[in-house]
Amino acid sequence: MAISFVGSASGAAGDGGNVTLTLPVGTTTDDLVIVSYAIGDNDNVDHDMAMVTTGYTEVADLFSDDTREANLGVFWKVMGATPDTSATVTGLGGIDASVGAVCMVFRGVDTTTPMDVTPTTATALSTFNPDPPSIDHLNPAGLWTVIAGASAHVVGSGTYTFPTGYTTDAIDKWSGDTTESTVGMGYNTAPADPENPGAMTHSGTDNGAYASCAATLALRPAAAGGAATAAPMRTRQLALTGAGL
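Residues numbered from 1 in each chain as written. Predicted model: local features only at pLDDT ≥ 70, side-chain atom pairs only at ≥ 80, totals over all residues. Heavy atoms only, no water.

Novice: Account for the overall build of the chain, naming residues and giving values.
Specialist: Assigned secondary structure in the chain consists of one helix and 14 strands. Based on the C-alpha atoms only, the size of the chain along its principal axes is roughly 70 × 35 × 30 Å. Pairs at least 24 apart in sequence give 80% of the contacts found in the chain among residues at least 6 apart. Accessible surface, the chain as shown: approximately 10,000 Å² in total, 51% of it carbon and sulfur. Distance between charge centres in the chain, computed from 7 positive and 25 negative side chains, equals 17 Å. (Helix = DSSP H or I, 4+ residues; strand = E, 2+ residues; numbered from the N terminus. Contact = heavy atoms within 4.5 Å. Areas by Shrake-Rupley, 256 points an atom, 1.4 Å probe, with all protein chains shown as cover. Lys, Arg positive; Asp, Glu negative; His and termini not counted. Charge placed at Lys NZ, Arg CZ, Asp CG, Glu CD.)

What follows is the structure, given as structure tokens:
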């Protein structure tokens, strides 16, 4: 089954507030929701990034400690028989921290092992340009890659220019407070193997006091025909082996 993009959502809060994302209309059973959120702060605290909404698996909890500190959390969840309508991230950091969140929803991803390999991560000081690292995936036909990045800064607002291959449907969100943050995600439908995405270039003037974090994920497509066809084929193989054929 081919992977497809369903939709995305974004939201932001100041004062270390929680952010609730309304999932895209049409999100249904077996869809994969990936949530990425950023905290911008200046208190030298490595925040424990977490979801309020239950059932999510954490794949990244990153901290880059410069004068302006970036935290990035990335989580995924396969929707069950009654799909969620929203996803809420835990805001942290107090009244001087900004919180921004984005999500993307995909269909046709393997529901048992949606991550083809362990996601790769990177942090950087003295720059607000996240650089998602290379990922050496298993290269099943139809695999997609997803990048996520977060920046801490004080540029007044912010957007990303996404690397080649990741511009379609890319999403970012700026959040303002004493330390501002930007978070973004993009996907590539035809990645190389290994895939080295390239940097997410932030708008504005970079500064040695800024920080960034990034992650790269590889999405494994669902098998053609789904799990229901796998057992009969395996049974037939065993039968042939037992018959000496």
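Novice: Could you give an account of a negative patch on the surface, with specific residues and numbers?
Specialist: A surface patch of like charges, here negative, comprises Asp 46, Asp 48, Glu 58 and Asp 65. Looking at the element boundaries, Asp 46 is found in the loop between strand S3 (32-41) and strand S4 (57-64). (Patch = residues over 30% accessible without salt bridge, like charges linked within 9 Å, V, L, I, M, F, W, Y side chains within 5 Å. Salt bridge = Lys/Arg side-chain N within 4 Å of Asp/Glu carboxyl O.)

Novice: Could you give an account of unusual backbone geometry, naming the residues involved and the relevant values?
Specialist: In terms of backbone geometry, most residues other than glycine have negative phi values and most peptide bonds are trans. For the bond running from Asp 193 to Pro 194, omega is -5°, close enough to zero to count as cis. Take Pro 194: it is sitting in the loop between strand S12 (180-188) and strand S13 (201-202). Unlike most non-glycine residues, Asp 30 shows phi in positive territory, near 80°. With respect to the helices, strands and loops of the structure, Asp 30 is situated in the loop between strand S2 (19-22) and S3.

Novice: Residue-level account of the packing of aromatic side chains, with values.
Specialist: Aromatic ring pairs are described here by two measures, namely the spacing of the ring centres and the angle between the planes. Considering all chains together, one arrives at eight aromatic pairs under this definition. Considering the side-chain rings of Tyr 37 and Phe 75, the 6.3 Å spacing of their centres and the 25° angle between planes classify their relative orientation as stacked. Pair noted here: Tyr 37 is in strand S3 and Phe 75 is in strand S5 (residues 69-78), with a separation of 38 residues, a long-range link. Judged on exposure class, the residue Tyr 37 and its partner Phe 75 are both buried. Members of the aromatic cluster, connected to one another through ring pairs, are Phe 5, Phe 106, Trp 144 and Tyr 187. (Phe/Tyr/Trp six-rings, centres within 6.5 Å; stacked < 30°, edge-to-face > 60°. Buried < 20%, exposed > 50% of the residue type's maximum accessible area, 1.4 Å probe, protein only.)

Novice: Talk me through the nonpolar core; I want residue IDs and the actual numbers.
Specialist: Counting 30 residues, the largest nonpolar core has Ile 34, Val 74, Phe 106, Val 146, Met 185, Leu 217 and Leu 219 as its most contacted members. Contributions of two or more residues to this core are made by S3, S4, S5, strand S7 (98-107), strand S9 (144-153), S12 and strand S14 (211-219). Apart from the residues within four sequence positions on either side, Val 146 is in contact with Ile 34, Phe 106, Met 185, Gly 186, Tyr 187, Ala 215, Thr 216, Leu 217 and Leu 219. Leu 21, Tyr 37, Tyr 56 and Phe 75 belong to the second largest nonpolar core, which has 21 residues in total. (Core = buried A, V, L, I, M, F, W, Y, C linked by side-chain atoms within 4.5 Å.)

Novice: Pulling in residues and values, what's your account of the sheet that holds strand S8 (residues 120-125)?
Specialist: The five strands are arranged S8-S14-S9-S12-S11 in an open sheet whose pairing can be described as antiparallel. The open sheet has two free edges, formed respectively by S8 and strand S11 (171-175), since each of these has just one partner strand. For this sheet, the mean angle separating the axes of adjacent strands, direction not counted, is 10°. With five bridges joining them, S11 and S12 adopt antiparallel strand pairing. Across the sheet, the residue bridging to Trp 174 is Thr 182, located in S12. (Pairing = 2+ DSSP bridges. Axes fitted to C-alpha atoms, helices over the stretch in contact; angles between N-to-C directions.)

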